[in-house]
Amino acid sequence: QENEIKLLTAEIERLKNFGCLGVSPSLEGLRDENAKLKYRLNFLRKSLQEERSKTAKSMININSCLQEIFGAAIQAAYPDLENPPLVVTPSQQPKFGDYQCNSAMGITQILLKTKEQKVSPREIAEKISKNIPANECIEKVEIAGPGFINVHLRKDFVSKQLSSLLINGVQPPAVGKRKKVVVDFSSPNIAKEMHVGHLRSTIIGESMCRLFEFAGYDVLRLNHLGDWGTQFGMLIAHLQDKFPDYLTVSPPIGDLQAFYKESKRRFDTEEEFKKRAYQCVVLLQSKNPDFIKAWELICDVSRKEFQKIYSCLDITLIERGESFYHEMMKDIVKEFEDRGFVQVDDGRKIVFVPGFPVPLTIMKSDGGYTYDTSDLAALKHRLSEEKADILIYVVDSGQSVHLQTVFAAGQMIGWYDPKVTRVAHAAFGVVLGEDKKKFKTRSGDTVRLIDLLEEGLKRAMDKLKDKERDKVLTAEELKAAQTSVAFGCIKYADLSHNRLNDYVFSFDKMLDDRGNTAAYLLYAFTRIRAIARLASIDEQMLQKAAREEVLILDHEKEWKLGKCILRFPEILQKILEDLLLHTLCDYLYELATTFTEFYDNCYCVEKDRQSGE
């Protein structure tokens, strides 16, 4: 932007000279051009100003600052080294300072391999330390053990960052160009109930969307519903038999699950019904209005059921099911054929992708399309129409090979370059019962999600009554506490586990107010708010103090808490890169326990025994 501003300013000067010299026959054209340039110049200046003011208010990523400082020191100490290792991490113990730079060991190996020089890591650490440029954040460095560089931060630097945080609020570090992120999550099937397997995709997907939105990205949340395909043939045929006047009278399908099971039983046992079901699929796919109406009715019943769950868990989604991509599928098949990627196998059209043993089937022998076709169509639409810079699929680990094959096919045909566009599968493990087996009901059925949420509400209320909260809260407050605890605990229990692993679902563990649980964090948060309330200090008073006074961090617990608060941008950066949200939960738990240590050691508020003030 700064370069463009310089160029535009020079161009405006040049045009001025043209006008003065009377060289141009079309003075009107010049004025017009001049006005356009000035408009663009003002726009750029304003946008640069906004960017700078946003950056000034943003939290600083201290780890990134230290990486820049040590990067410059290593460059100065070893200018011939290409891509030297840059390792900066927070120290695990206060005696080793606040951060550590552990690059010396890696550089020793490189010097030995590439230059056959044998230099001890300690010697390298000393050379790096001598070349550290002037900066505002490092108080001193010490070399420990075989070559660790222990970094001690300046107290006035930390104090200044904390005051700035209080004045400007929690502003994430600026992300540069506002990128578009598309997240595909939840994605249940029409006519089937959402079960515990959908819980993880829904919670993790929603949380990733909130993360990217918080960091300043433009996020599109997509629900890739299973709303098209052969199962609709049997459902429509069954609807016609059970509610023949469905076109004029809305059919009372209360229990869609039972309706699905009945139609499936008939499909498996009645030959005549099976034939009709296949005819219904053909008529639906040829857009016969009566069959489209039947399809819409079935989708609507499902939609209402899904929405109950989304409302409970505060989930926001745009529905864009498989049917949305149906019209695009023939073009996908043609594109792969035109590029010579299609082979015919027993009437099926298949595509082999290098590095993947199982081909994609893009057309069945009867001319129908498959999941492979709709997933390719969705991928292309999200890249070419939605212009996604980042595309995330929150789908269980079982789909890993399928999705990697689809992504590789997209690269092979030239839809995207992985160096430019990030397409990622955020995989997750299964939910297990307390017996460490797949989570099922006593009768062996899959657990319905709505039953699970209702059980959570019941358990949360029992817990609140155990703690006698019903005696001090109004009915309305108690209800709010019940939903916050129940749904907060269910979400947090999922998010606090590494999503790549299977996790054991246990109400007892998630409602425990000890350890890394939502119940403990809610308790810690309430305690912090209570201090502010008791001290009768509001936001304005704090901001005024932050502007006018210097925050002195004398006590070790104060210092520890201050540094912990300022690590937030590092955590944010990490989870935006690896999409592992449990890191944020670990950090929040550490922040809460660090606060508790501070609270236990440093008085925040005291009551006057006489006046009670």
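Just so you know, the residues in each chain are numbered from 1, in the order the chain's sequence is written. pLDDT decides what is reported in this predicted model: residues at 70 or higher carry local features, side-chain atom pairs at 80 or more are listed and counted, and totals for whole chains, interfaces and linings draw on all residues regardless. Think of the side-chain values as coming from all heavy atoms in the structure, minus any hydrogens and water.

Remarks on the domain arrangement of the protein chain
Here is step 1 of the chain: How far each domain reaches was decided by an automatic or database domain assignment. Split into domains, the protein chain comes out as domain 1 (24-53), domain 2 (62-153), domain 3 (180-226 + 321-428) and domain 4 (230-316).
Here is step 2 of the chain: Relative to domain 3, the C-alpha centre of domain 2 lies at a distance of 43 Å.

Quick notes on the side chain of K557
Here is step 1 of the chain: With respect to the secondary-structure elements, K557 resides in helix 20 (residues 556-565).
Here is step 2 of the chain: When its relative accessible area of 18% is taken as the criterion, K557 is described as buried.
Here is step 3 of the chain: Should any heavy atoms of two residues lie within 4.5 Å, those residues are considered in contact. Apart from the residues within four sequence positions on either side, K557 is in contact with E597, F598 and N601. Where helices and strands are cited, they refer to DSSP runs of H or I of at least four residues and of E of at least two residues respectively, numbered from the N terminus. For the exposure calls, accessible area comes from a 1.4 Å probe over protein chains only, and a residue counts as buried if that area is under 20% of its type's maximum, exposed if over 50%, partly exposed in between.

Structural notes on the sheet that holds strand 11 (residues 390-393)
Here is step 1 of the chain: Paired strands, in this sense, are two strands between which DSSP finds at least two bridges. Across the sheet, which stays open at both edges, the five strands sit in the order 7-6-5-11-12 with parallel pairing between neighbours. This sheet does not close on itself; its edge strands, each paired only once, are strand 7 (318-319) and strand 12 (422-425).
Here is step 2 of the chain: Fitted lines through C-alpha atoms serve as axes, helices being fitted only where they are in contact, and the angles separating the N-to-C directions of these axes extend from 0 to 180 degrees. Here helix 13 (residues 371-385) sits on the sheet in contact with strand 5 (180-184), strand 6 (218-223), strand 11 and strand 12, set at roughly 155° to strand 11.

A look at the packing of aromatic side chains
Here is step 1 of the chain: Stacked, tilted and edge-to-face pairs are distinguished by plane angle, under 30 degrees for stacked and over 60 for edge-to-face with tilted covering the rest, among Phe, Tyr and Trp rings (Trp via its six-membered ring) whose centres lie within 6.5 Å. Here the structure, examined in full by the defined rule, presents 16 aromatic pairs.
Here is step 2 of the chain: Geometrically, the ring pair formed by F212 and Y217 is edge-to-face, given 5.1 Å between the ring centres and 80° between the ring planes.
Here is step 3 of the chain: Since its relative accessible area comes to 1%, F212 is described here as buried.
Here is step 4 of the chain: Arranged with centres 5.1 Å apart and planes meeting at 50°, the rings of Y393 and F407 form a pair that is tilted. Highlighted residues: Y393 in strand 11 and F407 in helix 14 (residues 400-412), separated in sequence by 14 residues.
Here is step 5 of the chain: With relative accessibility at 3%, the residue F407 sits in the buried group.
Here is step 6 of the chain: In textbook terms, an aromatic cluster arises when at least three aromatic residues are bridged by ring pairs, as seen for F439, Y503, F505 and F507.
Here is step 7 of the chain: It is K127 that lies over the ring of Y78; its NZ or CZ is 4.6 Å from the centre. Charge-over-ring placement is defined geometrically: NZ (Lys) or CZ (Arg) within 6 Å of the ring centre, and within 35 degrees of the ring normal.

Focus: the pattern of salt bridges
Pairing is possible between side chains that carry opposite charge, provided their charged atoms lie close to one another.
Here is step 1 of the chain: Should a side-chain nitrogen of Lys or Arg be within 4 Å of a carboxyl oxygen of Asp or Glu, the pair is scored as a salt bridge. Here the structure, examined in full by the defined rule, presents 38 salt bridges.
Here is step 2 of the chain: Note that K287 is salt-bridged to E327, the shortest N-O span being 2.9 Å. A residue pair is termed long-range when its members are at least 10 positions apart, and K287 in the loop between helix 10 (271-285) and helix 11 (289-313) and E327 in the loop between strand 7 and helix 12 (329-338) qualify at 40 residues.
Here is step 3 of the chain: Here the salt bridges do not stand alone but share partners, grouping E206, R210, E213, R221 and D314 into one network.

Here's the deal with the sheet that holds strand 3 (residues 138-144)
Here is step 1 of the chain: An order of 1-2-4-3 is seen for the four strands of this open sheet, with the pairing classed as antiparallel. Both edges of this open sheet fall to strand 1 (88-90) and strand 3, since each of them pairs with a single strand only. Along the sheet, successive strands turn relative to each other by an average axial angle of 25°, direction set aside.
Here is step 2 of the chain: In terms of strand pairing, strand 2 (residues 99-101) meets strand 4 (residues 148-153) through three bridges, oriented antiparallel. Bridged to Q100 within strand 4 is N150.
Here is step 3 of the chain: Together, strand 3 and strand 4 form the strand contacts of helix 5 (residues 121-130), whose direction differs from that of strand 3 by roughly 165°.

Focus on the side chain of T202
Here is step 1 of the chain: Secondary-structure assignment places T202 in helix 7 (residues 196-214).
Here is step 2 of the chain: Taking relative accessible area as the criterion, T202 reaches 1% and is therefore assigned buried.
Here is step 3 of the chain: Separated by 2.6 Å, the side chain of T202 and the backbone oxygen of H198 make a polar contact.
Here is step 4 of the chain: Beyond its immediate chain neighbours, meaning those up to four positions away, T202 contacts F185, S186, M194, Y310 and I315. Two N or O atoms count as a polar contact when they lie within 3.5 Å, although within protein this holds only if one can serve as hydrogen donor and the other as acceptor, and sequence-adjacent residues are included solely when both atoms are side-chain atoms.

Structural notes on the UniProt feature "domain: DALR anticodon binding" (unreviewed entry) in the protein chain
Here is step 1 of the chain: UniProt positions are given in the numbering used here, feature names are shortened, and annotations may be inferred rather than shown by experiment. Residues annotated in UniProt with the feature "domain: DALR anticodon binding" (unreviewed entry) correspond here to residues 521-611.
Here is step 2 of the chain: With 73% helix and 0% strand, residues 521-611 has end C-alpha atoms that lie 32 Å from one another.

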